[in-house]
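Letter by letter, the chains look like this.
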Amino acid sequence: PGASSPIVSGISKKIAGEISNGASSPADVEVNPALAAGALRNKAKILFVVPIVPNVLVARMCGISLLASSISNRAFIATFIQRHPELGFSESDIPDTEVLILDLNLAPEDFDLEKYLAELQPDVIGVSALSIVYKEAKEIAAIAKRASPSSLRVIGGYHPSIYPEEVVTKSD
């Protein structure tokens, strides 16, 4: 994704932080086992989960849809890599991805999230969190930890953007 992508920006900041803390290049940065597992399968499986939001508007899905589309677009990621050679990545470093969106607002009442995650075993589980559903987002992350313990779990959205200290200090 381009420079405005939260995932690439976050990865860039993480790599920059690791390099400033002693890693000499992106190759020295510790790789998350979930992402490494995806690399071994030659396809990283990424799942975005949207908690049930009272009176949800369809337009709210635009952010996750845009993010999912960006992650899936190799040309978009390649352009970012070309514009940032200082990161030390090449186009051969771009993993194939399978990106899924699970909107719990559209799931049947008897939907079993834990069973679904246990069967899917995604490499990355991203949960969207508005402040009004932050508690539910944390519950989804806890379910994800039980059902798919090797998955990298990420909570993003408005609430974590506005209250990053709360999210970082009160999460596991």
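Description of the structure in this document. Remember, it's a predicted structure, so these values are computed and weren't measured experimentally.

Rules used in this analysis
Residues numbered from 1 in each chain as written. Predicted model: local features only at pLDDT ≥ 70, side-chain atom pairs only at ≥ 80, totals over all residues. Heavy atoms only, no water. Patch = residues over 30% accessible without salt bridge, like charges linked within 9 Å, V, L, I, M, F, W, Y side chains within 5 Å. Areas by Shrake-Rupley, 256 points an atom, 1.4 Å probe, with all protein chains shown as cover. Salt bridge = Lys/Arg side-chain N within 4 Å of Asp/Glu carboxyl O. Lys, Arg positive; Asp, Glu negative; His and termini not counted. Charge placed at Lys NZ, Arg CZ, Asp CG, Glu CD. Helix = DSSP H or I, 4+ residues; strand = E, 2+ residues; numbered from the N terminus. Buried < 20%, exposed > 50% of the residue type's maximum accessible area, 1.4 Å probe, protein only. Pairing = 2+ DSSP bridges. Axes fitted to C-alpha atoms, helices over the stretch in contact; angles between N-to-C directions. Contact = heavy atoms within 4.5 Å. Core = buried A, V, L, I, M, F, W, Y, C linked by side-chain atoms within 4.5 Å. Arc of directions from axis to C-beta. Polar contact = N/O pair within 3.5 Å; in protein donor to acceptor, adjacent residues only side chain to side chain.

## Considering a negative patch on the surface
Then, number 1: Taken together, the side chains of Glu109, Asp110, Asp112 and Glu119 present a region of like negative charge at the surface.
Then, number 2: Assignment of secondary structure puts Glu109 in the loop between strand E2 (97-103) and helix H5 (113-120).
Then, number 3: Residue class for Glu109 comes out exposed when judged on its relative accessible area of 87%.

## Here we look at the sheet that holds strand E1 (residues 44-50)
Then, number 1: Pairing within the open sheet is parallel, and its four strands lie in the order E2-E1-E3-E4. The open sheet terminates on both sides in strands that have one partner only, identified here as E2 and strand E4 (152-156). Sheet twist, expressed as the mean angle between neighbouring strand axes with direction ignored, is 20°.
Then, number 2: The sheet contact formed by E1 and E2 spans seven bridges and is parallel. Following the sheet pairing, Val49 is matched in E2 by Leu102.
Then, number 3: Packing of helix H6 (residues 134-147) onto the sheet brings it into contact with E1, strand E3 (124-128) and E4, and relative to E4 it is tilted by some 175°.

## Side note on the nonpolar core
Then, number 1: Within the largest apolar cluster, 16 residues are counted, with the highest numbers of intra-cluster contacts made by Val49 and Leu117.
Then, number 2: Residue assignment for this core shows that the elements contributing at least two residues are E1, H5, E3 and H6.
Then, number 3: Ignoring any residue separated from it by four or fewer positions in sequence, one finds Leu117 in contact with Leu47, Pro122, Ile125, Ile143, Ala144, Ala147 and Ser148.

## Examining H5
Then, number 1: Taken residue by residue, H5 has Leu113, Leu117 and Leu120 as its buried positions. One side of H5 holds all its buried residues, which, seen down the axis, span an arc of 70°.
Then, number 2: Taken together, the buried residues of H5 touch E1, E2, E3 and H6.
Then, number 3: With a side-chain oxygen lying 3.2 Å from the backbone nitrogen of Glu114, the N-terminal cap of H5 falls on Asp112.

## Digging into helix H4 (residues 74-83)
Then, number 1: When we look at burial in H4, the residues that qualify are Ile77, Ala78, Phe80 and Ile81. Taken around the axis of H4, the buried residues stretch over an arc of 160°, which confines them to a single face. Turned more than 90 degrees away from the buried face of H4, the exposed residues are Ala75, Gln82 and Arg83.
Then, number 2: At the N-terminal end of H4, a side-chain oxygen is found 3.0 Å from the backbone nitrogen of Ala75, two or three residues along, and the residue is Asn73.

## Focus on the pattern of salt bridges
Then, number 1: All chains considered together, the criterion is met by two salt bridges.
Then, number 2: Residue Asp96 is joined to Arg74 by a salt bridge in which the shortest nitrogen-to-oxygen separation is 3.0 Å. Taken together, the residues Asp96 in the loop between H4 and E2 and Arg74 in helix H4 connect sequence positions 22 residues apart.
Then, number 3: Accessibility expressed as a relative area gives 37% for Asp96, which makes it partly exposed.
Then, number 4: When the shortest N-O distance is used, the salt bridge between Glu114 and Arg146 registers 3.2 Å. Placement of Glu114 in helix H5 and of Arg146 in helix H6 is noted, with a sequence separation of 32 residues between them.

## A closer look at unusual backbone geometry
Then, number 1: The phi torsion at Gln121 lies on the positive side, around 50°, for a residue other than glycine.
Then, number 2: Secondary-structure assignment places Gln121 in the loop between H5 and E3.
Then, number 3: Since its relative accessible area comes to 30%, Gln121 is described here as partly exposed.

## Here's the deal with the pairing of E1
Then, number 1: Among the seven residues in E1, seven count as buried, and that is most of the element.
Then, number 2: The side-chain alternation of E1 yields two buried faces, one formed by Ala44, Ile46, Phe48 and Val50 and the other by Lys45, Leu47 and Val49.
Then, number 3: Here E1 pairs with E3 via four bridges, running parallel. Within the sheet, the bridge partner assigned to Ile46 lies in E3 and is Val124.

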